[in-house]
Amino acid sequence: MNVKFFDKLFAGLLWFVTSYGRTILVAGTRGAGKSSLLGSMMTQILPQNRIISVEDTFELPIEALRKLGYNVERMKSRSVITKVDLELSAEEALRTALRLGDSCLFMGEVRSTEAKALYEAMRIGALANVVAGTIHGESAYGVFDRVVNDLGVPPTSFKATDFVLICNKLRTADGLRTFRRVVGLTEVRKHWKEDPEEEKGFIDLMQYSSDEDKLKPTDIFLNG
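Throughout what follows, the structure given in this document is the object of discussion. (Residues numbered from 1 in each chain as written. Predicted model: local features only at pLDDT ≥ 70, side-chain atom pairs only at ≥ 80, totals over all residues. Heavy atoms only, no water.)

## Some thoughts on the pairing of strand 3 (residues 71–76)
Item 1. Here strand 2 (residues 50–55) runs beside strand 3; their pairing, made up of six bridges, is parallel. What sits directly across from Ile 51, in strand 3, is Val 72. (Pairing = 2+ DSSP bridges. Helix = DSSP H or I, 4+ residues; strand = E, 2+ residues; numbered from the N terminus.)

## Focus on a negative patch on the surface
Item 1. Taken together, the side chains of Glu 194, Glu 197, Glu 198 and Asp 204 make up a negatively charged region of the molecular surface.
Item 2. Assignment of secondary structure puts Glu 198 in the loop between strand 7 (178–188) and strand 8 (202–209). (Patch = residues over 30% accessible without salt bridge, like charges linked within 9 Å, V, L, I, M, F, W, Y side chains within 5 Å. Areas by Shrake-Rupley, 256 points an atom, 1.4 Å probe, with all protein chains shown as cover. Salt bridge = Lys/Arg side-chain N within 4 Å of Asp/Glu carboxyl O. Lys, Arg positive; Asp, Glu negative; His and termini not counted. Charge placed at Lys NZ, Arg CZ, Asp CG, Glu CD.)

## Digging into a nonpolar patch on the surface
Item 1. On the surface, a nonpolar cluster with roughly 360 Å² of combined accessible area is contributed by Trp 15, Phe 16 and Tyr 20.
Item 2. Mapping Phe 16 onto the fold places it in helix 1 (residues 8–19).
Item 3. Taking the relative accessible area as the measure of exposure, Phe 16 reaches 43% and is therefore partly exposed. (Buried < 20%, exposed > 50% of the residue type's maximum accessible area, 1.4 Å probe, protein only.)

## What about the layout of surface pockets?
Item 1. Here the largest pocket is characterised by a volume of approximately 240 Å³.
Item 2. In terms of lining residues, the largest pocket is bounded by 15 residues, among which Arg 30, Lys 34, Glu 59, Glu 109 and Arg 111 are the most central.
Item 3. Of all elements in the fold, only helix 2 (34–42) and strand 5 (131–136) reach the threshold of two or more residues within the lining of the largest pocket.
Item 4. Tallied by class, residues from the lining of the largest pocket come to one nonpolar, seven polar and seven charged. (1 Å grid on protein atoms, 1.4 Å probe; cavity = no way out; pocket = protein on both sides within 12 Å on 5 of 7 lines; lining within 4 Å. Points joined across faces, edges and corners; volume = space filled by probe spheres on them. Nonpolar A, V, L, I, M, F, W, Y, C, P; charged D, E, K, R; others polar.)

## Considering the pairing of strand 2
Item 1. Extensive coverage of strand 2 is indicated by the burial of five of its six residues.
Item 2. Running through helix 3 (residues 62–67), the crossover from strand 2 to the neighbouring parallel element strand 3 is right-handed.
Item 3. Where strand 2 and strand 4 (residues 104–107) come together, four bridges link them in parallel fashion. The residue of strand 4 that forms the bridge with Ile 52 is Leu 105. (Right-handed = clockwise from strand over helix to strand, strands pointing away.)

## Some details on the environment of Thr 186
Item 1. Inspection of the secondary structure assignment puts Thr 186 in strand 7.
Item 2. For the pair Thr 186 and Leu 165, spaced 21 residues apart in sequence, the C-alpha separation works out to 6.5 Å.
Item 3. Excluding residues within four positions of it along the chain, Thr 186 makes contact with Ala 140, Asp 162, Phe 163, Val 164, Phe 202, Ile 203 and Asp 204.
Item 4. A polar contact of 2.8 Å, which involves the side chain of Thr 186, links it to the side chain of Asp 204. (Contact = heavy atoms within 4.5 Å. Polar contact = N/O pair within 3.5 Å; in protein donor to acceptor, adjacent residues only side chain to side chain.)

Spelled out as structure tokens, the structure:
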């Protein structure tokens with residue numbers, strides 16, 4: 001991973017929110033580094049806690065984590081492309097993971113009806129452990145729009161999201177090279193009723209500065 005993908009302050013904050021059982025969506029465009037970021041979050045879980053991953057395409061570093069002593073269970077869900085009938089649907093896999101009890105839950109990609117099961121896990125906090133997944137989206141509101149309007153999750157359920165992390169693939173000024181960066185960290189407040197954008201439910205904690213090629217804390221973050 002590029003060492004400039006995110007900085008030390010973001011890494012420390014990511015450790016904090018992951019360790020204390022928050023609910024997180026990692027969003028971005030295709031190839032932006034969403035799965036890499038989600039995988040790095042898994043290393044912040046204390047090894048004595050069980051981790052359950054649900055993926056239709058294996059991308060998370062499960063075998064590497066096992067070699068390091070982590071307690072990880074991997075569940076293979078049915079691909080929306082191959083549609084193998086013998087495999088569990090993503091929604092069924094998530095509900096099975098919830099029945100396994102006290103576990104940290106990581107969802108490889110939120111694409112369809114499993115979104116409702118994921119938000120069920122978020123609303124109960126998977127017994128106060130971290131619940132995280134990746135999703136396509138270029139902003140916090142873009143994620144809200146996709147989850148609510150495309151995937152059918154009620155707006156009130158979206159409040160179960162604590163943080164939205166945005167990563168993106170950017171181009172150099174000459175347009176010849178691309179590079180990946182975390183470009184935003186947004187907290188989802190709980191006071192809004194219908195539209196978090198209009199009702200100031202999205203609070204940016206860190207934003208990317210292209211001039212400095214750096215993820216910078218906002219005044220709201222610095223001032224508490």
